[in-house]
Amino acid sequence: MNYFYKKLILPLFTVLLLCNSFTASAQITKDYDLWLQYQKSSVANDIFKNIALNTKDETNKAIQDELKTASERMFQYSPTFSNSGNATLIIKKFSELEPTQKNIINKANALNDEGFAIETIQNKGKKTVLITAKNSLGLLYGTFRLLRELQIDPSKKHFSIADEPKLKVRMLNHWDNLDGTVERGYAGSSIWNWQKLPDFIDKKYIDYARANASVGINGVALINVNSNALILTPQYLEKVSALAKAFRPYGIKVYLTARFSAPIEIGGLKTADPLNQEVQQWWNNKVNEIYKFIPDFGGFLVKANSEGQPGPQNYGRNHVDGANMMAKALQPHHGIVLWRAFVYSETDSSDRAKQAYSEFVPYDGKFEDNVLVQVKNGAIDFQPREPFHPMFGAMPKSKLMMEYQITQEYLGFSSHLVFLPKLYEEVLESDTYKQGKGSTVAKIIEGKPNELSGMAGVANIGSDLNWTGHPFAQANWYGFGRLAWNPELSSEKIAEEWLQQTFSKDSNFVKTISKIMLQSRESVVKYMTPLGLHHIMATNHHYGPGPWVNDLARPEWNPVYYHKADKNGIGFDRTATGSNALAQYSPEIAQYYGDLKTCPEEYLLWFHHLPWDYKMKNGKILWDNLGIKYQEGVNEVKNMITTWESAKPYIDAERHQEVAQLLTIQLKEAIWWKDACMTYFQTFSNLPFPKEMETPKHDLEYYKSLQFPFAPGIKPHW
Ligand code: GCV
């Protein structure tokens, strides 16, 4: 028995155990490796055999590490790094190129500082691939580009690429709190371990930097815009400087959120008035101190006089006074201020959608040169669909940057598959007409060549093994980075290349799954807020529907403020007969959305209050169309489930199952949204549900009674 146990059972058990942990760790690696999978290639490619690269510089060292990992995983050999004449890949700044390579020098010379060129050239009679750029960061971006090309086509040998970022600041905004929680975070807790910093540099920080650099993200605001002044104290600056050091080789600058009242809270002053000299001096000193810790510090991100955060208006001053005070302190160090335009006031009874424009546009041209006004994509708050923010194009003498939300606060948290580049693209492509036809939001934020410009995304990253909670939410991080590099890229291309790198290059798989990704954003709009409805989510945690909420302290916090449903109809009249928010847009846009004949159905109830029996283009009444849209959203999720089933043969079982389970949650919640909203709106329409719509399972009281005290993304109520 003993013999039998030792010789047979024990080894078998060990093998099983190993297999099991191998599968588990293989799975973790796949999820963890994001789009940098470097899957084993079935074709050989010698491109990495002998790489000419000067590895003295720390960014070049990062290039070396990346190429080694990629080559070993994809092609099963370790590259040799030397400066010998037989290079298969040359990675050199163009100041170091030989004069015979003039053509490429000319090509690369036309690029901006972060641009790069990749060319297959003749070198000593042999075909060689050359990556060249003005500086090491360009070389790093060029390397990641080459790796993307090879992940998609491992046999590729001929390259002729020149590329450069169109925006200067391409950054993630983390809404991470110092206590480790993440506001609106759905992927676990914060990845920053403040307790162990500065001495412990988690490998995760490096992998985070790699992922960001691979798509060109070059800035990170580490903590929440609802800020804590402690981050500006030496105790924390030392920790921040350790993170900055880890990110530096990857070209990523660190930014901090600056709490406006910091001079009082950590400086011992009696005021934070931006026109007070002592306050100004305090910020000057603070900035000088920060640059001692972090010589390449990016600057401050500020949420002021918004949702209770302190700001210049507390002292009778304005946004320009506040932003310029910080901007002047940062100027000697080439730092910048990202001043958020997300403001709305409890004392302003006008339409919330109009308030940011009214507060900021009068100050056009008054901000210092190193200030970027950071504007959310829409005028309310990251809703599943909003028309573009009217501030875009309305401040031609100021620099406006885009703020998107990557984390899915209003889009099903990290349980719903929603491909956000589709939303980002829709906004970027919108024509503001502010400088004539063709002045799209993308063009507005690109600004003038060589001027400060940018795009920020509220990060969806947390301590979850797969970083983002949902494997497909990784695509939103990826896609944000790609659009920040080039706001004119198509979401279709982004979906395809992400799938190819993350899951499989099989064309059937890519075609089928990119289709559901591209349609997923429209589906979530349909099952949450169809026909232009908005802000009808539950209170505080924003999990699930809450269109009935009408008892919150501020009118504009209540969903009823936005849908205005009554027995006569539904929708927010933002035309001249209502709040006239449309007047903030150019006349072409105001006319287009204002006229019921031209207003697209997607924005109908955003701009118009209409009777329940309003006849729509398909000949059916508004009420029926509402139910039909909700049902379509639900049906599309059902379809996603079937399509995902068909993807089984193409990808690993673990990630397949992970997504399949999440889709089940998505379907349940889509039905919940449909049923709760339609049951509630029926109390006003008094009409039967349209025949196309599946009947709700419960009555309204049931949906209203649901409570979620521990929903993620807010401070828990212990
Ligand atoms: C960080 C919304 C969110 C808040 C967020 C705010 C902002 O209101 O619900 O959690 O605060 O936007 O963007 O500042």
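Residues numbered from 1 in each chain as written. Predicted model: local features only at pLDDT ≥ 70, side-chain atom pairs only at ≥ 80, totals over all residues. Heavy atoms only, no water.

Student: Explain the pattern of salt bridges to me, please; I cannot follow it from the model alone.
Tutor: Once the charged atoms of two side chains with opposite charge are near each other, the side chains can pair. Inspection of the entire model under this criterion finds 40 salt bridges. Across the pair R170 and E114 runs a salt bridge whose closest N-O atoms are separated by 2.7 Å. Within this pair, whereas R170 is found in strand β7 (residues 169-173), its partner E114 is found in the loop between α3 (102-109) and β4 (116-123), the two being separated by 56 residues in sequence. Comparing R170 with E114 shows no difference in burial state: the two are buried. Where R655 meets D652, a salt bridge forms, and the shortest distance between an N and an O atom there is 3.0 Å. (Salt bridge = Lys/Arg side-chain N within 4 Å of Asp/Glu carboxyl O. Helix = DSSP H or I, 4+ residues; strand = E, 2+ residues; numbered from the N terminus. Buried < 20%, exposed > 50% of the residue type's maximum accessible area, 1.4 Å probe, protein only.)

Student: Please clarify how the layout of surface pockets should be interpreted in this entry.
Tutor: To locate leftover empty space, one rolls a probe as large as a water molecule over the atoms. Estimates place the volume of the largest pocket at around 890 Å³. Lining the largest pocket are 34 residues, with E114, K168, V169, E451 and L452 sitting closest to its centre. Where the lining of the largest pocket is concerned, the elements lending two or more residues are β7 and β9 (253-257). Each residue belonging to the lining of the largest pocket can be placed in one class, and the counts come to 10 nonpolar, 11 polar and 13 charged. For the second largest pocket, the calculated volume is near 570 Å³. As for the second largest pocket, its lining consists of 27 residues, and the residues nearest its centre are R184, E307, Y344, H542 and W557. Looking at the lining of the second largest pocket residue by residue, the class counts come to 11 nonpolar, seven polar and nine charged. (1 Å grid on protein atoms, 1.4 Å probe; cavity = no way out; pocket = protein on both sides within 12 Å on 5 of 7 lines; lining within 4 Å. Points joined across faces, edges and corners; volume = space filled by probe spheres on them. Nonpolar A, V, L, I, M, F, W, Y, C, P; charged D, E, K, R; others polar.)

Student: Would you explain empty space enclosed by the protein in this entry?
Tutor: By the definition in use, this model includes nine cavities of 30 Å³ or more. Taken as a whole, the largest cavity holds about 80 Å³ of empty space. Taken together, F116, Y141, F144, R145, R148, D163, A213, S214, V215, G216, R482 and W485 make up the full set of residues lining the largest cavity. Of all the secondary structure elements, the ones that give two or more residues to the lining of the largest cavity are α4 (136-152), α5 (203-215) and α13 (474-485). Here the element with the most residues in the lining of the largest cavity is α4; it accounts for four residues. A class-by-class count of the residues in the lining of the largest cavity yields six nonpolar, two polar and four charged.

Student: Looking at this structure, how should I read the site of the ligand?
Tutor: Residues in close proximity to the ligand total 15 residues, the closest being E183, K303, R340, K376 and E409. K303 has a polar side-chain atom sitting 2.6 Å from an oxygen atom of the ligand. Burial of the ligand by the surrounding chains reaches 96%, relative to a free accessible area of 340 Å². Most atoms of the ligand, that is more than half of them, are within 2 Å of grid points of the second largest pocket. (Near = heavy atom within 4 Å. Polar contact = N/O pair within 3.5 Å; in protein donor to acceptor, adjacent residues only side chain to side chain. Areas by Shrake-Rupley, 256 points an atom, 1.4 Å probe, with all protein chains shown as cover. Sits in = over half its atoms within 2 Å of the grid points.)

Student: What exactly am I supposed to notice about the sheet that holds β7 here?
Tutor: Two modes of strand pairing occur in sheets, parallel and antiparallel, and in both the strands are linked by backbone hydrogen bonds. As summarised here, the arrangement of the eight strands in space is β7-β8-β9-β10-β11-β12-β13-β14, forming a closed barrel in which the pairing is parallel. Pairs of neighbouring strands in the sheet enclose a mean axial angle of 25°, with direction left out of account. Sheet topology note: the β9/strand β10 (residues 299-302) ladder contains three bridges and is parallel. Among the inter-strand pairings, T257 is bridged to a residue of β10, identified as L301. (Pairing = 2+ DSSP bridges. Axes fitted to C-alpha atoms, helices over the stretch in contact; angles between N-to-C directions.)

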